[in-house]
Amino acid sequence: MKAIQKIISTAVPVNIENVDTDQIIPARFLKATSRDGFGKNLFRDWRYEDNDENRPRMNFALNDARYKGRILVAGKNFGCGSSREHAAWAIKDYGFDVVVSSFFADIFKNNALNNFCLPVTVTDEFLKELFDAIERRASTPIEVDLESQTIRFEGKEVSVEEKFEISQYKKTCLLNGFDDIDYLLSMKDEITAFENQPLTI
């Protein structure tokens, strides 16, 4: 997978709280077992009238030409509901590398990290300022720096920045493009050296 280090991008705002995984990717689209192709059905029931691709809801952010980029900005309690990993697949397949919210469901957060989609948890105040900035100017660039664990954007009058938390293990994996197996292989020499230590009694 492609490593995530520093991402500077505009964002797509979905200012809705308590977005569950069935809204992210409806259950009727879970028949496939590969990760590809789920992006076209991301937020399917919110994007189209009566599930008709010829009738897009133009007031929904994914159908609004003003909004684009690699960052999804979502309301509080994003990814609640079922544990389906397909929700993370759909978000990543659509083209998002980062999701910003003030709270993520734990299972969704772990699924996202395992699929190289970075969930950035910010304060409620920061999230509100970010939504306001995007509403004022859709082209507002957002910088997410995984190494320094910071997210920043230009607010109404000043630059707004906040730190975010991530486990050191997942940070290492994302920075290097490692999945769990890759991480173990990267430590092959250390593991071999440990195994070859003389046995002491």
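Overview of the structure.

Criteria and cut-off values
Residues numbered from 1 in each chain as written. Predicted model: local features only at pLDDT ≥ 70, side-chain atom pairs only at ≥ 80, totals over all residues. Heavy atoms only, no water. 1 Å grid on protein atoms, 1.4 Å probe; cavity = no way out; pocket = protein on both sides within 12 Å on 5 of 7 lines; lining within 4 Å. Points joined across faces, edges and corners; volume = space filled by probe spheres on them. Helix = DSSP H or I, 4+ residues; strand = E, 2+ residues; numbered from the N terminus. Nonpolar A, V, L, I, M, F, W, Y, C, P; charged D, E, K, R; others polar. Pairing = 2+ DSSP bridges. Axes fitted to C-alpha atoms, helices over the stretch in contact; angles between N-to-C directions. Contact = heavy atoms within 4.5 Å. Salt bridge = Lys/Arg side-chain N within 4 Å of Asp/Glu carboxyl O. Buried < 20%, exposed > 50% of the residue type's maximum accessible area, 1.4 Å probe, protein only.

1. Considering the layout of surface pockets
Stage number 1. Approximately 230 Å³ is the volume attributed to the largest pocket.
Stage number 2. Residue lining of the largest pocket: 13 residues in total, with Pro 13, Asn 15, Asn 59, Ala 61 and Tyr 67 positioned closest to the centre.
Stage number 3. Of all elements in the fold, only strand 2 (11-14) and helix 5 (124-136) reach the threshold of two or more residues within the lining of the largest pocket.
Stage number 4. The greatest single-element share of the lining of the largest pocket, amounting to 3 residues, is contributed by helix 5.
Stage number 5. Counted by class, the lining of the largest pocket contains 8 nonpolar, 2 polar and 3 charged residues.

2. Topic: the sheet that holds strand 7 (residues 150-154)
Stage number 1. Read from one edge of the open sheet, 4 strands run 1-6-7-8, paired in antiparallel fashion. Each edge of the open sheet is held by one strand with a lone partner, namely strand 1 (6-9) and strand 8 (159-163). Strand-to-strand twist in this sheet, taken as the mean axis angle between neighbours without regard to direction, amounts to 10 degrees.
Stage number 2. The pairing of strand 7 with strand 8 spans 5 bridges and is antiparallel. Counted as the bridge partner of Thr 150 is Lys 163 from strand 8.
Stage number 3. Helix-sheet contacts for helix 5 involve strand 6 (142-145), strand 7 and strand 8, and the interaxial angle to strand 7 is about 40 degrees.

3. What about the pattern of salt bridges?
Stage number 1. Across all of its chains, the model carries 13 salt bridges by this definition.
Stage number 2. The shortest N-O distance in the salt bridge between Arg 70 and Asp 97 comes to 2.7 Å. Pair noted here: Arg 70 is in the loop between helix 2 (44-47) and strand 3 (71-74) and Asp 97 is in the loop between helix 3 (86-94) and strand 4 (98-101), with a separation of 27 residues, a long-range link.
Stage number 3. On the basis of relative accessibility, which here comes to 13%, the residue Asp 97 falls in the buried class.
Stage number 4. Across the salt bridge formed by Asp 124 and Lys 76, the nearest N and O atoms sit 3.5 Å from each other. Remark: Lys 76 occurs in the loop between strand 3 and helix 3 and Asp 124 occurs in helix 5; sequence separation between them is 48 residues.
Stage number 5. What makes Lys 76 partly exposed here is its relative accessible area of 34%.

Interpretation in functional terms is not warranted from these geometric data alone.
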